[in-house]
Amino acid sequence: MENIMDKISKTAVDTYHCAVKATGKLAREIKLKTQMSENKRKIQEIYEDIGKTMYEKYLLKEEVNPEADLLNPCARIDTLAEEIDTFRMELLKLKDLKQCPECHYEIYYDFHYCPNCGYIQEQPEEAKQNDGPATIVTTDEEDQNLKHSKEVQEQTEDVLDDTEVLTEISILNEYDNEDE
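Residues numbered from 1 in each chain as written. Predicted model: local features only at pLDDT ≥ 70, side-chain atom pairs only at ≥ 80, totals over all residues. Heavy atoms only, no water.

Caption draft 1: How the structure looks around the confidence of the model for the protein. With 68% of its residues at a pLDDT of 70 or more, the protein has an overall mean of 80. When pLDDT is averaged over each element of the protein, helix α2 (residues 66-94) comes out on top at 93 and helix α3 (residues 125-129) at the bottom at 54. (pLDDT = per-residue confidence, 0-100. Helix = DSSP H or I, 4+ residues; strand = E, 2+ residues; numbered from the N terminus.)

Caption draft 2: Summary view of the packing of aromatic side chains. Inspection of every chain in the model, using the stated rule, returns 2 aromatic pairs. A cation over an aromatic ring shows up here: Lys98 above the ring of Tyr109, its NZ or CZ 5.9 Å from the ring centre. (Phe/Tyr/Trp six-rings, centres within 6.5 Å; stacked < 30°, edge-to-face > 60°. Lys NZ or Arg CZ within 6 Å of the ring centre and 35° of its normal.)

Caption draft 3: Representation of a nonpolar patch on the surface. Judged by side-chain polarity, Tyr55, Tyr58, Leu59 and Leu60 come together as a nonpolar surface patch covering roughly 500 Å² of accessible area. As for its placement among the helices and strands, Leu59 is situated in helix α1 (residues 2-59). (Patch = residues over 30% accessible without salt bridge, like charges linked within 9 Å, V, L, I, M, F, W, Y side chains within 5 Å. Areas by Shrake-Rupley, 256 points an atom, 1.4 Å probe, with all protein chains shown as cover. Salt bridge = Lys/Arg side-chain N within 4 Å of Asp/Glu carboxyl O.)

Caption draft 4: Looking closely at α2. Compared with an ideal rise of 1.5 Å per residue, which puts 29 residues at 42 Å, α2 spans 40 Å between its outermost C-alpha atoms and is within 8% of the ideal. Residues of α2 that are buried include every one of Asp69, Pro73, Ile77, Leu80, Ile84, Phe87, Leu91, Leu92 and Leu94, and no others. Taken from the residues just after α2, Asp96 is the one with a positive phi, measuring 60°. (Expected span 1.5 Å × (residues − 1). Buried < 20%, exposed > 50% of the residue type's maximum accessible area, 1.4 Å probe, protein only.)

Caption draft 5: Local environment of unusual backbone geometry. The residue Lys61 is not glycine, and still its phi comes out positive at about 55°. If you trace the backbone, Lys61 turns up in the loop between α1 and α2. Classification of Lys61 by relative accessible area gives exposed; the value is 73%. We note that Asp96 has phi near 60°; this positive angle belongs to a residue other than glycine. Checked against the element boundaries, Asp96 lands in the loop between α2 and β1 (97-99). The partly exposed category is assigned to Asp96, whose relative accessible area is 46%.

Printed below as a string of C-alpha cells:
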C-alpha cells in the first residue's frame, strides 16, 4: 500500500512540476505577445504623427524636409520593428521553432533542411559540439518509472483497441438492425 502511495505522490509532484514549467512558458509567451502588440501600437502612432505633420505642412504650404521631418520618427520605427522581430524569434524558440534564413518559413528547431525550400539549416552550437551519440544516464527509480510508464501506455492502447472493436461491433449491429 505504501508503495502505491509513493507512486501516487511522485506522480503528483511530477505533474506539479510539469504544470509549473508549462505555466511559466505560457506566461513568457503572453508577455512577449503583449510587448509585440505594444510596439505595433507605437509604430501605428508614429505613422499617424508623420501623416499629421506632413498634412499640416501641406496646409501651411511649408516645405517638407525629409531628413528633418522623417529621420527621427523613422529611426524610432526601425528600433521598434527590430524589437518586434526579437520578440518573435523568442516566441518561436519557446515553441521549439526557428525561421529558415532563406525563405523565412517557420520550422522545428532540430530540422536539418527546410521543408519549404530545401535550404540546409545551420545546426545549433550544442549539436555541433556533441559529435557522438547521446548518452542518457538514469537511476534505478527512473528506469522503474519508464518501465511503469510503458506498461501504462500498453494498457491504454489495449483499452483503446477494445473500445474500437466494441464501437465497430455496435455499428455493425445498428447496420444489421436497419436491414431488418
